[in-house]
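Below are the chains, spelled out letter by letter.
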Amino acid sequence: MSNDEEPTVEIRQLNLRSRTTQPTSGHVGSSTTRQSTKPSALKIKAGSASRLLKEVSMYTREARGQAKHLEAMEANGEDIYKIKQERNAYNETLAIIPDSQRRLVVAIAALRDHLASGSADCADEPVVLSAQATIKQYEAEQASHFEPVPTQTKPTRQETAASGSAPSLIMIKTNAVRRLHRELCDSEQDAEQQGRVADRYQAEGKDVYDVNQQRRVQAESLRMIPECQRLLAQAITDLRSVAHKRDPAQGSESEYQLAEEALELASA
């Protein structure tokens, strides 16, 4: 392939059964009536708190893993540009955590207040038990997953001298591809997880209302994937349009190597 040819962008498609996006048919009677009922305020608050709990836990574990990887890279004297990119990725993850933690604290407080209010939906024992389990998990993880993570780190003098004061064009586009690829992977994993939960609900013979609610949650996750794919495909095209030129004014050789690695990962 010549340098002037535009490579075909290939984004992997999520292979999910079509039935997972369709609500399960209900039985005639009370269950059918319940399908059209909106989820209770308690169920909404419990679901929000549970989702944020997983989100904060995931980002915190990711930050700790990145911190260890960064420390190992520095100790092994790896390429200064790769260290810089790992540091940037680490700092980006750290920047997400405070807002997620703040929203989680608010969600847990709202859930506790609702449980204490004696609202009519608090008579729904399965939902109450689920909400209480979420609160207990939050309290248990306060001393582990949610302990303060290391603060954002600044580039070393060597990194600053090697990279200049502003990121190059190639690294701006490389970081965009990496970020969008991670968002797509997260969306796909979330959709698969929600589908497994719905399958388990159905296999366990849970009420058709609960199964359908879980299918709707999965459908919401699936709806996010096409947009993630579109944005990633555009970012890959933009990065390739710069990377194949190898213009020294737009990035160093090490940065072009990082761009190629990002393209290979995102197009796999």
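What counts and what doesn't
- Residue positions are counted from 1 within each chain, in the order its sequence is given.
- For this predicted model, a pLDDT threshold of at least 70 governs which residues receive local features, and a threshold of 80 or more governs which side-chain atom pairs are given and counted, while totals over whole chains, interfaces and linings are taken from all residues.
- Remark: hydrogens and water are excluded; side-chain values derive from all non-hydrogen atoms of the structure.
- Helix and strand assignments follow DSSP, with helices taken as H or I runs no shorter than four residues and strands as E runs no shorter than two, numbered in order from the N terminus.
- When a residue's accessible area, from a 1.4 Å probe over protein chains only, is under 20% of the maximum for its type it is buried; when over 50% it is exposed; and in between it is partly exposed.
- Contacts are assigned to residue pairs that have any heavy atoms within 4.5 Å of one another.
- Per-residue and other accessible areas follow the Shrake-Rupley method at a 1.4 Å probe size, with only the shown protein chains counted as cover for residues.
- Under the rule applied, a polar contact is a pair of N or O atoms within 3.5 Å (in protein, one hydrogen donor and one hydrogen acceptor; residues adjacent in sequence only if both atoms are side-chain atoms).
- Any two cysteine sulfur atoms lying within 2.5 Å of each other are counted as a disulfide.
- Here the axes come from fitting lines to C-alpha atoms, over the contacting stretch only for helices, and the angles between their N-to-C directions go from 0 to 180 degrees.
- To sort the angles, those under 35 degrees are grouped as roughly parallel, those over 145 as roughly antiparallel, those from 65 to 115 as roughly perpendicular, and the leftovers as oblique.
- Should the near helix be turned counterclockwise from the far one by less than a right angle, the crossing is left-handed, whereas a clockwise turn marks it as right-handed.
- Ring pairs shown here join Phe, Tyr and Trp side chains whose ring centres sit within 6.5 Å, with only the six-membered ring taken for Trp; geometry is labelled stacked below 30 degrees between planes, edge-to-face above 60, and tilted in between.
- For a Lys NZ or an Arg CZ to count as sitting over a ring, it must be within 6 Å of the ring centre and within 35 degrees of the ring normal.
- Amino acids outside the nonpolar list (Ala, Val, Leu, Ile, Met, Phe, Trp, Tyr, Cys, Pro) and the charged list (Asp, Glu, Lys, Arg) are all regarded as polar, and Gly is one of them.
- Throughout, nonpolar core names a set of buried Ala, Val, Leu, Ile, Met, Phe, Trp, Tyr and Cys residues whose side chains join them through atoms within 4.5 Å.
- Summary of the metric used: pLDDT quantifies the predictor's per-residue confidence within the range 0 to 100.

Draft legend 1. Spotlight on the overall build of the chain. In terms of helices and strands, the chain carries eight helices and zero strands. Seen in sequence order, the chain has helices and strands lined up from the N terminus as α-α-α-α-α-α-α-α. Across the 268 residues of the chain, 35% fall into the buried class. Taking the contacts inside the chain whose residues are at least 6 apart along the sequence as the reference set, 81% of them involve residues at least 24 apart. Within the structure as shown, the chain displays about 15,400 Å² of accessible surface, and the carbon and sulfur contribution to it stands at 53%.

Draft legend 2. Molecular detail of the side chain of Asp121. Position of Asp121 relative to the elements: it lies in the loop between helix 3 (80–117) and helix 4 (125–141). In terms of polar contacts, Asp121 uses its side chain to reach the side chain of His114, at 3.0 Å. In this structure, Asp121 is in contact with Ser40, Ala41, Leu42 and His114, ignoring residues within four places of it in sequence.

Draft legend 3. Structural detail: the state of the cysteines. For the structure shown, the criterion picks out zero disulfides. Free of any disulfide, Cys185 has its nearest neighbouring cysteine sulfur in Cys228, separated by 9.9 Å.

Draft legend 4. Summary view of the packing of helix 6 (residues 169–203) against helix 7 (residues 208–243). Two numbers describe how helix 6 lies on helix 7: the axes approach to 8 Å, and their chain directions differ by 160 degrees. Here helix 6 lies roughly antiparallel to helix 7, going by the angle between them. Seen along the crossing, helix 6 lies across helix 7 with a hand that is left-handed.

Draft legend 5. The arrangement of the packing of aromatic side chains in detail. All told, the structure shown has zero aromatic pairs when counted by the stated rule. Over the ring of Tyr201 we find Lys206, and its NZ or CZ is 5.3 Å from the ring centre.

Draft legend 6. Up close: the environment of Glu74. Structurally, Glu74 is set in helix 2 (residues 41–75). Look at Glu74 and you get partly exposed, because its relative accessible area is 37%. Residues within four places of Glu74 in sequence aside, it is in contact with Ile83 and Arg87.

Draft legend 7. Just the packing of helix 3 against helix 6, in detail. The geometry of helix 3 relative to helix 6 is characterised by a closest axis approach of 12 Å and an angle of 50 degrees between their N-to-C directions. With respect to helix 6, the axis of helix 3 lies oblique. Once helix 3 is placed against helix 6, the crossing between them reads as right-handed. Residues Gln85, Ala89, Glu92 and Thr93 of helix 3 touch helix 6, and the partners they reach there are Met171, Asn175, Arg178 and Arg182. Of the residues in the contact of helix 3 with helix 6, the class split is two nonpolar, three polar and three charged.

Draft legend 8. A look at the nonpolar core. Core analysis: the largest hydrophobic core is formed by 22 residues, its most contacted members being Ile170, Val177, Leu232, Ile236 and Leu239. Looking at this core element by element, the count peaks at nine residues for helix 7. Ala46, Ala49, Ile108 and Leu111 belong to the second-largest nonpolar core, a separate cluster that totals 16 residues.

Draft legend 9. Up close: the environment of Arg196. Within the element layout of this structure, Arg196 appears in helix 6. On the accessibility criterion, Arg196 (54% relative accessible area) is exposed.

Draft legend 10. Highlighting the side chain of Ser221. Within the secondary structure layout, Ser221 lies in helix 7. Contact partners of Ser221, with chain neighbours within four places excluded, come to Asp190, Ala191 and Gln194.

Draft legend 11. Main features of the confidence of the model for the chain. Confidence along the chain averages 77 in pLDDT terms, with 76% of residues attaining 70 or more. Note on residues 145–149: pLDDT under 50 across the span, and 19 contacts to partners over four residues away in sequence or across chains. pLDDT under 50 marks residues 161–165. Its contacts with residues more than four places away, or in other chains, come to four contacts.

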